[in-house]
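Structural overview for review
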Amino acid sequence: MSSGSPLVRGEKKTRRDQILAAAAELFARHGFHGVGIDEIGAAVGISGPALYRHFRSKDAMLGEMLTSISRYLLDGGKARVEEGGSPEEVLTGLVRFHVDFALSQPALITVQERNLANLSEADRKEVRALQRRYVEVWVAALRKAIPKLDDTRARSAAHAVFGLMNSTPHSRHLPDDELAELLTDLALGALYAAG
């Protein structure tokens with residue numbers, strides 16, 4: 001997925017994107033192994049075997065889904081940094097970007113949390129490499145905004161805040177705009193407290 005990913009709300013979806021979005025919802029709800037190809041096909045109005053025109057297997061579907069969201073986060077994070085501003089504005093932009101993703105894509109977050117082990121070795125390595133690069137975008141931004149943080153502490157703080165922001169699929173008790181503001185405030189407060 002590029003920073004203009006069709007899996008992210010608001011963009012025109014191709015049939016392939018519709019299949020991935022339906023599969024993400026089903027995988028999040030029932031688990032990767034709890035969903036068959038026929039169920040995914042039915043969710044988008046085609047037969048299960050017709051999915052093979054778009055993906056060679058359910059495993060390939062999961063691989064594309066998870067590498068795509070990892071690439072989307074990396075591209076989006078880098079774009080926020082490139083927009084510039086003060087170190088504090090860049091950090092706030094990163095937090096808002098991730099919060100927006102977490103709130104708009106709870107199924108993808110759930111699938112990513114639960115299904116990394118179901119990826120092929122090649123896909124798992126690619127996802128992990130993309131995730132590490134995304135973390136390093138955050139580490140660099142954190143070090144600029146909070147100079148007292150060393151790399152290790154900045155990396156740990158980034159991971160902790162990802163956990164906070166990614167927890168939204170599991171408990172949503174506020175309207176999205178209020179929850180976005182709360183998560184942003186909590187994430188920034190936690191990050192600045194780490195310094």
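For clarity, every value in this text was computed on a predicted model and none was experimentally measured.

Quick word on the environment of Gln105
Along the polypeptide, Gln105 turns up in the loop between α4 (87–104) and α5 (106–115). On the basis of relative accessible area, Gln105 is assigned to the buried category, the value being 10%.

Brief notes about a nonpolar patch on the surface
Where nonpolar side chains cluster on the molecular surface, the patch consists of Leu174, Leu182 and Leu186 and spans about 230 Å² of accessible area. Looking at the element boundaries, Leu174 is found in the loop between α7 (151–166) and α8 (176–194). The exposure class assigned to Leu174 is partly exposed, which follows from its relative accessible area of 35%.

Focus on the pattern of salt bridges
Scanning all chains against the criterion turns up 6 salt bridges. Among the ionic pairs, Arg71 bridges to Glu126, the shortest N-O distance being 2.3 Å. Here Glu126 lies in helix α6 (residues 121–145) and Arg71 lies in helix α3 (residues 58–82), a separation of 55 residues in the sequence. According to the relative accessible area criterion, Glu126 is partly exposed, its value standing at 31%. Arg143 serves as the salt-bridge partner of Asp151, at 2.6 Å between the closest nitrogen and oxygen.

Quick word on the nonpolar core
One recurring pattern in soluble globular proteins is that nonpolar side chains are buried together. Core analysis: the biggest nonpolar cluster contains 64 residues, and Phe27, Ile40, Met61, Trp138 and Leu191 have the highest contact counts within it. For this core, the secondary-structure elements that each account for two or more residues are α1 (15–30), α2 (37–43), α3, α4, α5, α6, α7 and α8. Top element by residues in this core is α6. It accounts for 10 residues.

Details of the UniProt feature "DNA-binding region" (unreviewed entry) in the protein chain
Per the UniProt record, "DNA-binding region" (unreviewed entry) is found at residues 36–55. Between the first and last C-alpha atoms of residues 36–55 the distance is 14 Å; the span itself is 35% helix and 0% strand.

Definitions and cut-offs
- Residues numbered from 1 in each chain as written.
- Predicted model: local features only at pLDDT ≥ 70, side-chain atom pairs only at ≥ 80, totals over all residues.
- Heavy atoms only, no water.
- Helix = DSSP H or I, 4+ residues; strand = E, 2+ residues; numbered from the N terminus.
- Buried < 20%, exposed > 50% of the residue type's maximum accessible area, 1.4 Å probe, protein only.
- Patch = residues over 30% accessible without salt bridge, like charges linked within 9 Å, V, L, I, M, F, W, Y side chains within 5 Å.
- Areas by Shrake-Rupley, 256 points an atom, 1.4 Å probe, with all protein chains shown as cover.
- Salt bridge = Lys/Arg side-chain N within 4 Å of Asp/Glu carboxyl O.
- Core = buried A, V, L, I, M, F, W, Y, C linked by side-chain atoms within 4.5 Å.
- UniProt positions renumbered as here; feature names shortened; annotations may be inferred.

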